Every structure is written in structure tokens, then in C-alpha cells.
Amino acid sequence: MARILTGIQSSGRPHLGNILGAIRPAIELSREPQNESFFFIADLHSLTSLRDGQQRREYTRAVAATWLAFGLDTEKNTFWRQSRVPEHTELAWYLNCFTPKPMLENATSYKDKMEKLGIANTGLFTYPVLQAADILLYDANIVPVGKDQKQHLEMTRDIASSFNRQYETDIFVLPDARIDERLMTIPGIDGQKMSKSYNNYIDIFLPEKELNKVIKKILSDSTPLEEPKNPDSDITFQLFSLLASETQVAEMRENYLRGGYGYGHAKKALYELMLDVFAEPRQRYDYFMNNPDALEAELQRGETKAREVASQTIARVREVLGFS
Ligand code: ADP
Ligand code: TRP
């Protein structure tokens, strides 16, 4: 049996990139009978960049509703809010004392954020240590993440082995990152990587009219309607291909190459495809967003299960550290 674990920060509403790049593949992995999955909302991590409590509450609900909308089975798996399980912060403190400062100074995510945003709170600096705690608390074997998280996983392994070596124990399981290289980076409406921070994302749960408006904003070149177009360099076509069947993609390619088919037509087709492909998740998302009690019940069930595992790990750690 493999234990799968991953977390998503509640620093915004999940977008198409998060869903296709992280949430959907993780849910697929969780469906394999031999796997047991631990998925959580990294709301403590979101505090490194988001201060507004009301917003965090809303984003946390949106992230939770998205996982549930895409069919996460909370009976088989464990799904919770990081902030509700205090063992995360407790273990993070212990691990801080086993983390060489230069290792954190070398973290590319920290250096990037420092350069781009100019923010440098200590939470951001020790972000990878809290992430290590998230992973080690649950004896995770496999951590599915995006390429940008590779270094954080290496740090987790380093911290865990240094702890294990020091106490001659195997308290911590060394996790492996699962980085799906085939999963391409989903482009945003401007052609850069889709990201909250670039404000170029598609929120697939928007009401129909608003969703249509965003899709109409997708960047395209100025080739006139009558002329043939290159599908491979077009963002609308790329997004369409990610969601459509092979036959639909082949037909769309034909349309582009034939000419007489405008970007407006392609965008309308993409909009309709999204409504079709995401009909059920959109409905489920609305249900959970409109029924906070149902959403809360799901999260509380996960919280109880997560605490059971986390408290056992913490007990082992306290024992070797002399805190018991
Ligand atoms: P954002 O860039 O919007 O802040 P995050 O960094 O919070 O997104 O990413 C959360 C998860 O979604 C990560 O696993 C990340 O790899 C995945 N992800 C984010 N953007 C994309 C994208 N454009 N294409 C594929 N996966 C993505
Ligand atoms: N740092 C991850 C991201 O930004 C989120 C995260 C926090 C995480 N804790 C984790 C991912 C533990 C995997 C495992 O995407």
C-alpha cells in the first residue's frame, strides 16, 4: 500500500491550471485501490502571502469545494484543513531545529518571491520546514506535486534523514516526489503559465456569462477570419485540446487549417466544451458553496482522521526528543 499526500494552498480560488495539473491527477491516483490518500488545504502556508482573514475563509471553502466537486472520496481518503491539526505546527518547530539555515537560504521559491514581491517574512523563509512537517506527520510515501516543488521535497528528505540519523531511528519515512513530466504547463489566457499571480487564469466555476467573457479575452493573433490559421501556436486551440476528445481535436485542427473559421468561433466552441465537460463538477461546486454545513461536515470528518495519524507520529517524536 502506498500513502499519497499532497496539499494546495488556499491563497486563491483554484483555476483550470490547478485542476488539470494537480487536483484531477491526484484524485485519479487516490482511486487506485492500493493507495491511501491524504489531501489537505495548506491554509497555514497561505498566510505567508495572504493576510485577509475573510478572503482566506472564502478561498479555503473554494479549494475544499473544488476537491469535492471533482469527486474526491472522503470515505476512503483523508481530507482536512492544515490549520485544524496543530501537530503540523508543533512538528514544524521541532524540524526547524534540524534545518540548516543555509539550506533555506538556497530555496529557489524563497529567492524568487524575494525578488519578485520584495516580501521576506520569516514564515516564507521557513515555508519548506512546515511543508516537511505536513509530509512527515503522515508517513507519506509519494507526494504528487508540480515541478516547482521538487526542491521542497528534497529538503523534506534531507531534514528527515538528518533527524533519523541523529536519533538512530527510522521515525520518519522518506517520501518521493511524483512529478508528472508529461503534464504540460497549462497556459493562461495570455499564453504564459496559468497562475493566480499573473491574473491570467480561467475559473471554471464562474457563472456562464462571466466564464464566456474570460474565454473571449484569450489572446489570439490578427489573422483574418478567411485565412488558414496555425492551431499549434494558438492558446484557444491548446486549451481546447486539453479538454476535448481526439475526434473533436482533429475536427478543430481541420477548422483552423481550412480557413473561414475565426478565433471567435473557436472560443465559442471552447466555452461550450467547458460547460459540457465540467457540467457535473460545476453543479457539485455550487452545491458545496451554497451548503456550508455539508462542506464543513466533510472537512470535520477528515480532521478527525488526520488527527488520529498525526498524534501518533507526534507521540513518537516527543518520546525521542524527551518531551514525553
Ligand atoms: P498558482 O501558480 O496559481 O499560484 P499554485 O502554485 O498554488 O498555483 O499551484 C497549486 C498546484 O497547481 C501545484 O501542484 C501546481 O503545480 C499546479 N499548477 C498551478 N498552475 C499550473 C499550470 N498552469 N499548469 C499545470 N499545473 C499547475
Ligand atoms: N508548497 C505547495 C505548493 O505551493 C503546497 C504544499 C504545502 C504542499 N504543504 C505541502 C504540497 C505538502 C505537497 C505536500 O504547491
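Here's what I pulled together on the structure shown here. Just so we're clear, the structure is a prediction, and the values are computed from it rather than from any experiment. (Residues numbered from 1 in each chain as written. Chains lettered and ligands numbered in written order. Predicted model: local features only at pLDDT ≥ 70, side-chain atom pairs only at ≥ 80, totals over all residues. Heavy atoms only, no water.)

### Structural notes on the packing of helix α10 (residues 208–216) against helix α13 (residues 263–277)
Inference 1: The contact between α10 and α13 brings their axes to 9 Å, and the two run at 140 degrees. Relative to α13, the element α10 lies oblique. Note on packing geometry: the crossing formed by α10 with α13 is right-handed. Together, Glu208, Leu211, Asn212, Ile215 and Lys216 of α10 and Lys267, Leu270, Tyr271, Met274 and Leu275 of α13 make up the contact between the two elements. (Axes fitted to C-alpha atoms, helices over the stretch in contact; angles between N-to-C directions. Helix = DSSP H or I, 4+ residues; strand = E, 2+ residues; numbered from the N terminus. Parallel < 35°, antiparallel > 145°, perpendicular 65-115°, else oblique. Left-handed = near helix turned anticlockwise from the far one by under 90°. Contact = heavy atoms within 4.5 Å.)

### Some points on the site of ligand 1
Inference 1: Near ligand 1 lie 13 residues; those nearest to it are His15, Ile186, Met194, Ser195 and Lys196.
Inference 2: Taking Met194, its main chain carries an N or O atom lying 3.0 Å from a nitrogen atom of ligand 1.
Inference 3: Side-chain polar atom of Ser195 to an oxygen atom of ligand 1: 2.8 Å apart, as the coordinates give it.
Inference 4: Burial of ligand 1 by the surrounding chains reaches 83%, relative to a free accessible area of 540 Å².
Inference 5: Per-class residue counts for the shell around ligand 1 are three nonpolar, seven polar and three charged. (Near = heavy atom within 4 Å. Polar contact = N/O pair within 3.5 Å; in protein donor to acceptor, adjacent residues only side chain to side chain. Areas by Shrake-Rupley, 256 points an atom, 1.4 Å probe, with all protein chains shown as cover. Nonpolar A, V, L, I, M, F, W, Y, C, P; charged D, E, K, R; others polar.)

### Some points on the site of ligand 2
Inference 1: Close contacts around ligand 2 come from 14 residues, with Gln9, Tyr127, Gln131, Asp134 and Gln149 the closest.
Inference 2: Contacts to ligand 2 include Gln131, whose side-chain N or O atom sits 3.0 Å from a nitrogen atom.
Inference 3: At a separation of 2.7 Å, a nitrogen atom of ligand 2 approaches a polar side-chain atom of Asp134.
Inference 4: Protein chains bury 88% of the 370 Å² of accessible surface belonging to ligand 2 in isolation.
Inference 5: Elements supplying a minimum of two residues to the shell around ligand 2: β1 (2–9), β2 (35–42) and α8 (127–136).
Inference 6: By residue class, the composition of the shell around ligand 2 is seven nonpolar, six polar and one charged.

### Digging into the packing of aromatic side chains
Inference 1: Counted according to the given criterion, the structure contains 19 aromatic pairs.
Inference 2: Here Tyr94 and Phe323 contribute two aromatic rings whose centre-to-centre distance is 5.4 Å and whose plane-to-plane angle is 15 degrees, an arrangement assigned as stacked. Residue Tyr94 is found in helix α4 (residues 87–96), and its partner Phe323 is found in the segment after α15 (292–321); the two are separated by 229 residues along the sequence.
Inference 3: Measuring from centroid to centroid gives 4.8 Å for Phe98 and Phe163, while their planes differ by 55 degrees, and the two rings are tilted. Residue Phe98 is located in the loop between α4 and α5 (101–105), and its partner Phe163 is located in helix α9 (residues 150–167); the two are separated by 65 residues in the primary sequence. Each member of the pair, Phe98 as well as Phe163, is classed as buried.
Inference 4: For Lys113, the ring lying beneath its charged end belongs to Tyr127, and the centroid distance is 5.8 Å. (Phe/Tyr/Trp six-rings, centres within 6.5 Å; stacked < 30°, edge-to-face > 60°. Buried < 20%, exposed > 50% of the residue type's maximum accessible area, 1.4 Å probe, protein only. Lys NZ or Arg CZ within 6 Å of the ring centre and 35° of its normal.)

### With respect to α13
Inference 1: For α13, which comprises 15 residues, the first-to-last C-alpha distance of 21 Å matches the rise-based estimate of 21 Å (1.5 Å per residue) to within 8%.
Inference 2: Of the positions making up α13, those classed as buried are Tyr263, Ala266, Lys267, Ala269, Leu270, Tyr271, Leu273, Met274 and Leu275.
Inference 3: For α13, the secondary structure elements touched by its buried residues are α1 (16–31), α10, α11 (235–243), α12 (246–258) and α14 (279–290). (Expected span 1.5 Å × (residues − 1).)

### Observations concerning unusual backbone geometry
Peptide bonds are, in most cases, trans, and in most cases residues other than glycine have a negative phi.
Inference 1: The phi torsion at Asp139 lies on the positive side, around 50 degrees, for a residue other than glycine.
Inference 2: Note on placement: Asp139 falls in the loop between α8 and β4 (142–144).
Inference 3: The backbone of Glu168 sits at a positive phi, close to 45 degrees, despite the residue not being glycine.
Inference 4: Among the structural elements, Glu168 can be located in the loop between α9 and β5 (176–178).

### A few points about the nonpolar core
Inference 1: With 58 residues, the main nonpolar core has Leu16, Trp67, Phe79, Ile202, Ile204 and Met274 as its most contacted residues.
Inference 2: Ranked by residue count, the leading element in this core is α13, at eight residues.
Inference 3: Grouped together as the second largest cluster of nonpolar side chains are 42 residues, Tyr110, Tyr138, Leu153 and Phe163 included. (Core = buried A, V, L, I, M, F, W, Y, C linked by side-chain atoms within 4.5 Å.)

### Details of the packing of α13 against α14
Inference 1: Contact geometry for α13 and α14: axes closest at 4 Å, N-to-C directions at 65 degrees. On the side of α13, the interface is formed by Met274, Leu275, Asp276 and Val277, while α14 contributes Ala279, Pro281 and Arg282.
Inference 2: Tallied by class, the residues present in the contact of α13 with α14 amount to five nonpolar, no polar and two charged.

### Describing the environment of Gln131
Inference 1: For Gln131, the position within the fold is in helix α8.
Inference 2: The exposure class assigned to Gln131 is buried, which follows from its relative accessible area of 9%.
Inference 3: For the pair formed by Gln131 and Ala107, sequence separation is 24 residues and the distance between their alpha carbons is 13 Å.
Inference 4: Leaving out residues up to four positions away in the same chain, Gln131 has contacts with His45, Gln149, His152 and Leu153.

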